[in-house]
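# Working through the structure, step by step
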Amino acid sequence: MTFRPRILSALFLRIGLAVALSGSALFSAQADAPAKQAFGSVKLPSVTAPESYGFYSKGCISGAVALPVDGPNWQVMRLSRNRNWGHPNLIALLEKLSRDSAKTGWNGLLVGDISQPRGGPMLTGHASHQVGLDADIWLTPMPNRRFTNQEREDVSAVSMLKANSLYVDQNKWTPSRTALLKHAAGYPEVERLFVHPGIKKQLCETVTGDRSWLAKVRPYWGHHYHFHVRLRCQAGSPDCKPQEPTGKDDGCGKSLDWWFTDEPWKPAKPGEKPKPPKIMMVSQLPQACASLLNAPAPASVQDVTFGLKKGGNASAFAPEQAPASVPLPAQKP
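The numbering scheme is per chain: residues are counted from 1 as the chain's sequence reads. Reporting in this predicted model follows two pLDDT cut-offs: at least 70 for local features of residues, and 80 or more for side-chain atom pairs to be given and counted; totals over whole chains, interfaces and linings ignore these cut-offs and use all residues. In computing side-chain values, all of the structure's heavy atoms are included and hydrogens and water are not.

### Details of the overall build of the protein
Convention followed: Secondary structure elements are taken from DSSP: a helix is a run of H or I of four residues or more, a strand is a run of E of two residues or more, and numbering for both begins at the N terminus. With a 1.4 Å probe rolled over the protein chains alone, any residue whose accessible area is under 20% of its type maximum counts as buried; one over 50% counts as exposed, and the rest are partly exposed. When checking whether two residues touch, look at their non-hydrogen atoms; a contact exists if any pair is within 4.5 Å.
The helix and strand tally for the protein stands at eight helices and 11 strands. For the protein, the residues scored as buried account for 52% of the 333 residues in total. In the protein, the share of contacts with a sequence separation of at least 24, taken over all contacts with a separation of at least 6, comes to 80%.

### Some details on the packing of aromatic side chains
Where two aromatic rings form a pair, the distance of their centres and the angle of their planes describe that pair. So the rule is basically this: Centre distance within 6.5 Å is the pairing criterion for rings of Phe, Tyr and Trp, where only the six-membered ring of Trp is used; planes under 30 degrees apart are then read as stacked, over 60 as edge-to-face, and the remainder as tilted. Here, a charge over a ring is recorded when the distance from Lys NZ or Arg CZ to the ring centre is within 6 Å and its angle to the ring normal is within 35 degrees.
Inspection of the entire model under this criterion finds seven aromatic pairs. Arranged with centres 4.7 Å apart and planes meeting at 70 degrees, the rings of Trp221 and Trp259 form a pair that is edge-to-face. With Trp221 in the loop between strand E10 (217-219) and strand E11 (226-231) and Trp259 in the loop between helix H7 (254-257) and helix H8 (287-292), this pair connects stretches of sequence that are 38 residues apart. Relative accessible area serves as the criterion here: at 37%, Trp221 is assigned to the partly exposed category. On the numbers, 6.0 Å between centres and 55 degrees between planes, the contact of Trp259 with Trp265 is tilted. Grouped by ring-pair contacts, the aromatic residues Phe194, Tyr220, Trp221, Trp258, Trp259 and Trp265 constitute a single cluster. Here the basic side chain of Lys201 rests over the ring of Phe260, its NZ or CZ set 5.3 Å away from the ring centre. Positioned above the aromatic ring of Tyr56 is the side chain of Arg230, whose terminal nitrogen or guanidinium carbon lies 4.1 Å from the ring centre.

### Concerning the environment of Ala297
By secondary structure assignment, the location of Ala297 is in the segment after H8. Given a relative accessible area of 0%, Ala297 falls into the buried group. Separated by 255 residues in sequence, Ala297 and Val42 have C-alpha atoms that sit 9.7 Å apart.

### Describing the packing of helix H3 (residues 88-102) against helix H5 (residues 175-186)
Which entries qualify depends on this criterion: In this analysis, axes come from line fits to C-alpha atoms, helices being fitted only over the stretch in contact, and the angle between any two N-to-C directions falls in the range 0 to 180 degrees. Relative orientations are named as follows: roughly parallel for angles under 35 degrees, roughly antiparallel for angles over 145 degrees, roughly perpendicular for angles from 65 to 115 degrees, and oblique for any other angle. In a left-handed crossing the near helix is turned counterclockwise from the far helix by less than a right angle, and in a right-handed crossing that turn is clockwise. Any residue that is not Ala, Val, Leu, Ile, Met, Phe, Trp, Tyr, Cys, Pro, Asp, Glu, Lys or Arg is counted as polar, Gly included; the first ten are nonpolar and the last four charged.
The geometry of H3 relative to H5 is characterised by a closest axis approach of 10 Å and an angle of 140 degrees between their N-to-C directions. By the angle class used here, H3 and H5 are oblique. At the point where H3 passes H5, the crossing takes the right-handed sense. Together, Leu97, Asp100 and Ser101 of H3 and Leu180, His183 and Ala184 of H5 make up the contact between the two elements. Tallied by class, residues from the contact of H3 with H5 come to three nonpolar, two polar and one charged.

### Examining the side chain of Glu95
Rules: Asp and Glu are treated as the negative residues and Lys and Arg as the positive ones, with His and the ends of the chain left uncounted. Any Lys or Arg side-chain nitrogen located within 4 Å of an Asp or Glu carboxyl oxygen qualifies as a salt bridge.
Its location among the elements puts Glu95 in helix H3. Within the buried set, Glu95 has no salt-bridge partner at all; the shortest N-O distance to an opposite charge, 4.5 Å, is to Arg99. Setting aside residues no more than four positions away along its own chain, Glu95 makes contact with Leu67, Pro68, Trp74 and Phe306.

### Section: unusual backbone geometry
Even without being a glycine, Asn164 presents a positive backbone phi close to 55 degrees. You can see Asn164 is positioned in the loop between helix H4 (149-154) and H5. The backbone of His223 sits at a positive phi, close to 60 degrees, despite the residue not being glycine. Assignment of secondary structure puts His223 in the loop between E10 and E11. Its relative accessible area of 14% is what places His223 among the buried residues.

Take a look at the structure:
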């Protein structure tokens, strides 16, 4: 699945007529600044061809498009973060996943963070999600109604683990969740899925028949409220740095066993001060990223929202009612 050139050309022709410089994007290529502040303050993408620069945790993206806030089988969460932007091929894949998973019993996707309008390091959370090829999808299905904007800030996803445990709660895990992950891993564009080690173990112990897709499912810290989809570097992005291939091993052996030892979860030694986080500067990103901060922006979000016609409404549904059965735990992913 690719974002077809004739569609892309039509999109740029349309939005090119309304190009404007975004005030928040003005940045001197000769100056330097903390990258998360520089990219986190930009409200709109660049009006350029889609291209990912650098690595997933050290880069940026030009020509990103927005996933519409609402669709037939998805809703975007945490709208205040303005992180529903990505490479057009990723946005198209998320919409396809929402349709395909509905056929096997998933009620709809609740989509978390994708990328900022021009990628780059985020103001809060996430080392990756910088090149428009990563997306978080909640392991909580969409309800049978539209959340209000405030609910999208307040409602939390549900952890799939037993309390104070590394293992999946069998009362929460369902075959439809396994099917959702299998759908996502089955797309050739997808390079990896990140899940909590307990979820990976659940899959290793229960998946029968074709298990080849398990090679793409990688255990990682966190990721028990949501899973993380990562696309491989896309055509037209020669400066995108790929990740090592996952190989064909299903990942259910010694590499998984390590996560259930003490080593991955060792607390800091008493009195040991944590190292202060390194502040990444714009100058440390690929050279194209500094110039990207000054690239022209479209006139509005609607002009660069995937699948919308000019003048369309990015919020096609008007959610108003309060949630009836969605739990509200204190911790938010």
